[in-house]
Amino acid sequence: MNESDQSDVPRREPLAIYQQQLKSYEDIAAHKLRQWKLGGTIRGSLFLCSLCLFALGFVGYSGINTTWFIASGILLLAFLVVAFIHVRIEEELFRKRLEIEFTRTSIAQLERNWKHMPIIKVNSEFQNSPLAIDLDLVGTASLLQLTCSAETPIGQQQFVAWMLELSEIDQIRERQQAAREMGGWHQHRDQLRLLGRLITTQHSDPSKFMEWATRGHDGVAGAAMIWFARGITVYHLTLLMLLAVQLIPLAAFTIGLIVGLALNFLLTVVIAGRIHDVFNQVAAQQQDARHYLTLFKLISEAKPQSEFLRAQQTELIADTISALSAFTSLERRTWLANLRRNGLFYFVYLAVQFLFLWDVHALVLLRNWRARFGKYVPQWFAAVAQWEAIASLGKIAADHPTWTFPVIGETPKSEATFRASQLGHPLLRDDLRVSNDVNVGPPGSILLVTGSNMSGKSTLLRSIGLNIVLAQMGTVVCARELTMPCIDLQTSIRIQDSLADGVSYYFAELKRLKQVVSAARTREHDQTHVLLYLLDEILQGTNSRERQIAVSKVLEHLVDSRAIGAISTHDLELATAEKLAKSFQPVHFRETITTEAGVRKMTFDYRMRQGVATTTNALELLRIVGLDD
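(A) The arrangement of the overall build of the protein chain in detail. A tally of regular secondary structure across the protein chain gives 21 helices and 14 strands. In the protein chain, which comprises 629 residues, the share counted as buried stands at 50%. Sequence separation of 24 or more characterises 78% of the internal contacts of the protein chain that already satisfy a separation of 6 or more. Summed over all atoms, the accessible surface of the protein chain reaches about 30500 Å², with 58% contributed by carbon and sulfur.

(B) Representation of the nonpolar core within the structure. Within the largest apolar cluster, 127 residues are counted, with the highest numbers of intra-cluster contacts made by L137, F209, F327, W380 and F418. Top element by residues in this core is helix 17 (residues 377-399). It accounts for 13 residues. Not counting the four nearest positions on each side in its chain, W380 is found in contact with F296, E315, L316, I317, A318, I321, S322, A323, A326, F327 and F373. Ranked by size, the runner-up nonpolar core spans 25 residues in total, among them L535, L539, A563 and F584.

(C) Representation of the packing of helix 8 (residues 186-200) against helix 17. In contact at an axis separation of 10 Å, helix 8 and helix 17 are set at 130 degrees when each is read in the N-to-C sense. As judged from the angle between their axes, helix 8 and helix 17 are oblique. Crossing angle aside, the handedness with which helix 8 passes helix 17 is left-handed. Every residue of helix 17 that contacts helix 8 at H186, H188, R189, L192, R193 and G196 is listed here: W387, E388, A391, G394, K395 and A398.

(D) Structural detail: the sheet that holds strand 11 (residues 584-589). If you walk across this open sheet you meet the six strands as 8-9-10-6-11-14, and the pairing is mixed. At either end of the open sheet lies a strand with only one pairing partner, and these are strand 8 (487-492) and strand 14 (609-610). Taken together, the five bridges between strand 9 (residues 530-536) and strand 10 (residues 564-569) define a ladder with parallel strand orientation. Across the sheet, residue Y533 finds its bridge partner in strand 10, namely G565. Docked against the sheet, helix 20 (residues 544-560) engages strand 6 (446-451), strand 9, strand 10 and strand 11, running at close to 165 degrees with respect to strand 9.

(E) Geometry of the confidence of the model for the protein chain. Looking at the protein chain as a whole, its pLDDT mean stands at 87, while 92% of the residues score no less than 70. Mean pLDDT across the secondary structure elements of the protein chain bottoms out at helix 21 (residues 618-624), with 60, and peaks at strand 4 (residues 418-423), with 97. Ignoring residues within four places in sequence, the model shows residues 498-502, a span with pLDDT below 50, making one contact including any to other chains.

(F) Structural view of the side chain of S561. With respect to the secondary-structure elements, S561 resides in the loop between helix 20 and strand 10. Look at S561 and you get buried, because its relative accessible area is 4%. Once residues lying within four places of it in the same chain are set aside, the contact partners of S561 are A520, R521 and E524.

(G) Examining the environment of L574 more closely. Mapped onto the fold, L574 is located in the loop between strand 10 and strand 11. Residue L574 is classed as buried on the basis of its relative accessible area of 2%. Beyond its immediate chain neighbours, meaning those up to four positions away, L574 contacts L448, Q548, V551, S552, L555, I567, T569 and F584.

(H) Quick peek at the packing of aromatic side chains. Applying the stated rule across the entire model yields 20 aromatic pairs. With 6.4 Å between their ring centres and 40 degrees between their planes, W185 and W387 make a pair best called tilted. Of this pair, W185 sits in the loop between helix 7 (169-183) and helix 8 while W387 sits in helix 17, placing them 202 residues apart in sequence. Across the pair, W387 and W185 agree in class, each one buried. Each member of the aromatic cluster is reached from another via a ring pair, and the members are F209, W212, Y292, F296, F327, W369, F373, Y376, W380 and F381. In this arrangement the basic side chain of R180 is found over the ring face of F405, its NZ or CZ atom lying 4.3 Å from the centre. Above the plane of the ring of W227 lies R230, whose end atom (NZ or CZ) is 4.7 Å from the centre.

(I) Highlighting the sheet that holds strand 5 (residues 436-440). Pairing in this open sheet of four strands is mixed, and the strands run 3-7-4-5 from one edge to the other. The open sheet terminates on both sides in strands that have one partner only, identified here as strand 3 (407-408) and strand 5. Where strand 4 lies against strand 5, four bridges are found, and the strand directions are antiparallel. Paired with L423 across the strands is N436, a residue of strand 5. Set on the sheet, helix 18 (residues 457-473) makes contact with strand 3, strand 4, strand 5 and strand 7 (481-484); between it and strand 4 the angle comes to about 110 degrees.

(J) Summary view of the pairing of strand 12 (residues 591-596). Here six bridges tie strand 12 to strand 13 (residues 599-604), and the two strands are oriented antiparallel to one another. Directly across from E591, in strand 13, lies its bridge partner F604. Hairpin connection, strand 12 to strand 13: the antiparallel pair is bridged by two residues, and A597 has positive phi, about 55 degrees.

(K) A look at the state of the cysteines. Under the defined criterion, the tally for this structure stands at zero disulfides. Of the cysteine sulfurs around C49, a residue in no disulfide, the closest is that of C52, at 6.3 Å.

Here is what the cut-offs are and how they apply
Residues numbered from 1 in each chain as written. Predicted model: local features only at pLDDT ≥ 70, side-chain atom pairs only at ≥ 80, totals over all residues. Heavy atoms only, no water. Helix = DSSP H or I, 4+ residues; strand = E, 2+ residues; numbered from the N terminus. Buried < 20%, exposed > 50% of the residue type's maximum accessible area, 1.4 Å probe, protein only. Contact = heavy atoms within 4.5 Å. Areas by Shrake-Rupley, 256 points an atom, 1.4 Å probe, with all protein chains shown as cover. Core = buried A, V, L, I, M, F, W, Y, C linked by side-chain atoms within 4.5 Å. Axes fitted to C-alpha atoms, helices over the stretch in contact; angles between N-to-C directions. Parallel < 35°, antiparallel > 145°, perpendicular 65-115°, else oblique. Left-handed = near helix turned anticlockwise from the far one by under 90°. Pairing = 2+ DSSP bridges. pLDDT = per-residue confidence, 0-100. Phe/Tyr/Trp six-rings, centres within 6.5 Å; stacked < 30°, edge-to-face > 60°. Lys NZ or Arg CZ within 6 Å of the ring centre and 35° of its normal. Disulfide = S-S within 2.5 Å.

As C-alpha cells, this is what we get:
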C-alpha cells in the first residue's frame, strides 16, 4: 500500500500509537494462538480417525470392507484441508509475533529502554573506528541501536555506511527528501521490516543468496552427474513405456526397476546432502523465495515522489530484466527444489527422486536461473539495502515529530558555522534531556567549553557530533533548528592505550590528534567540506604546564587549517593562551552546592552559559565522598 498521500496527516504522539498497536497485535495473536491450538487438535484427530478407519477396512467384522476405506479417504482429505489451513494460521501467528516484537522495540526506543532493544552487529573496522567509539555509534545505548530498523544484514550495513560516509550535499538532500516521504509510509515501513526479518531468520538470507548468485560453480553435481541423471530418467521412462505396451514381461521390468532404483538410492545418499545445502542457500523453504518476491513487489509497486526512491526503483530493472519477473521465475524453481519439504508432496518427492534423481534436475534449473539473472542480483539487493536504510531514516523522523530536518551547505566555506537552536543529546530520554543553543565556527574560531566535573561538557560535544551524523545521513536532528555546512567530522574523546602495542595513553592520544590535524590540512582548500573537530580533555597524560603548551600547538594547527570545532577543558588558563585568546568563544557549565540537614549536595542544570567557568568542584567532590580528612 502506498501512503505517500498520508504524509501530511496529523498524527498522535508516536508512543501512544505504538502502545495502542501493541494491544491490538497482542489480542490478535492470542486469538490466532487459540485457533492454532484448536486446529492442531482437529488435525491430529482427523488423522487418527482416518488411520483407524483404514485399519477397520482390513479387520472389519465381515472381512475387507470398502466402506471403511472410503470413509478413511474422506477423513484423510479433510485432514489435508485442515493441515493446509493450520499451516496458514501458524504463519499468521508467527508474523503477528514479529509485529509485536517490532512494536515493543519501537516503544523501548522512544523510552530509551536500552535493555529491550536488539544490538546490531557491525564489522570490527567500524566498531573500532574513533568516531564510533567517541560518539557511541554502536553497541548498547548507541545511535545505531536507537535508529536502525533495517532487518537484513545488507540493509544494516548500508545504514552503518551512511553513518561514517562523507556525503555530498546533493546526496544528503536527496536522502532528506526521501526520508520525509518515507516517514509518512507507516504501513509500507512495517511491511518492509516484516519481510526483512522473514528472509533473514531463515537459513537463506540476502547475503548468502548473493554469494550463491554470483558464484561460478556450486562444487556439486558436475557434468557427469547431470548426464547420468538425464540418462537414468530416460531409462526409467523407457521401462515404464515398454511395460505399458507389453514389450517386456513384468519380471524383466521389475529387475530393471530395482537396478535403477538401487543406483539412484546410492547416489542420493552420497550427494543429496550437498545439493540440499545449495537449495538452502537459495531458499531453505518455498516461502523464502515467496518473501523475496513479495519484497521486490512491495518496492516496485510503491509510488514515490522523491528522486532517491525513484532511482532505487529504477535499479530493480537491469538490461530490461526486472527483479520482479526474475524472482517470479525463481519462486517456481524453488518450489520444485523444495518438494521434499512440502508435507503434501513428500511421498511424491521420494518417488521422483529415486526414479529420476529429482534433486539434480532441480539444481540444474537453479543454475540456469543463476546464469541468466545472477549478475544482476547485487544491483537489485543494493537497491533493497538503500530502501531499507531510507525506511530507517523515515522512521526516525516519524518517531520524533519535534525534531527537525537540518539546513545544510547554504553558506560559503569562509563563513561555515554549525548553528543549532535547542540542540539536545539524541540518546537521552525527553524528560532527561537539556537542550542548549550552540554555535561552532566560523573558521578561525574555537568553541572553548569549560566547567566542573560532571557538569555536561562531554555531553555537549557528543550532542554536536551525534547530530552531525544524523544530519549527514539525511534524517532529522535533535534540535529546534540546525544549519551547518557539509562536515568532515573528527573526534578525540575516548582514547585507549595499548599494552600489547606498547603505546601509552599520552602517545595514543598524540597519534589520534595527528590524524585530526592531518585531516584538517587536507580539508583546508576543500570548498565542499569543512572539518569540524571535537576534542574532550585532551593530553591529560602529562603535567599541566607541558599539557597547556601541547594543547595550544594542536589548536594553532587546527585554526591555521581553517577548521572549526569545540574543545572541553578543565584548564582555565588555556583561555588566556597568547596566540589563541582571540579565537576562543568561551562557554561554561556550572554546579550548584546546597546544604540540607547538614548534608552538602551538588546539583547540575546542564545549561550552557557564556564565558569561562568561575567555579570548580574537584575538592567539593572529595568532601562529598568523605576523602577530605
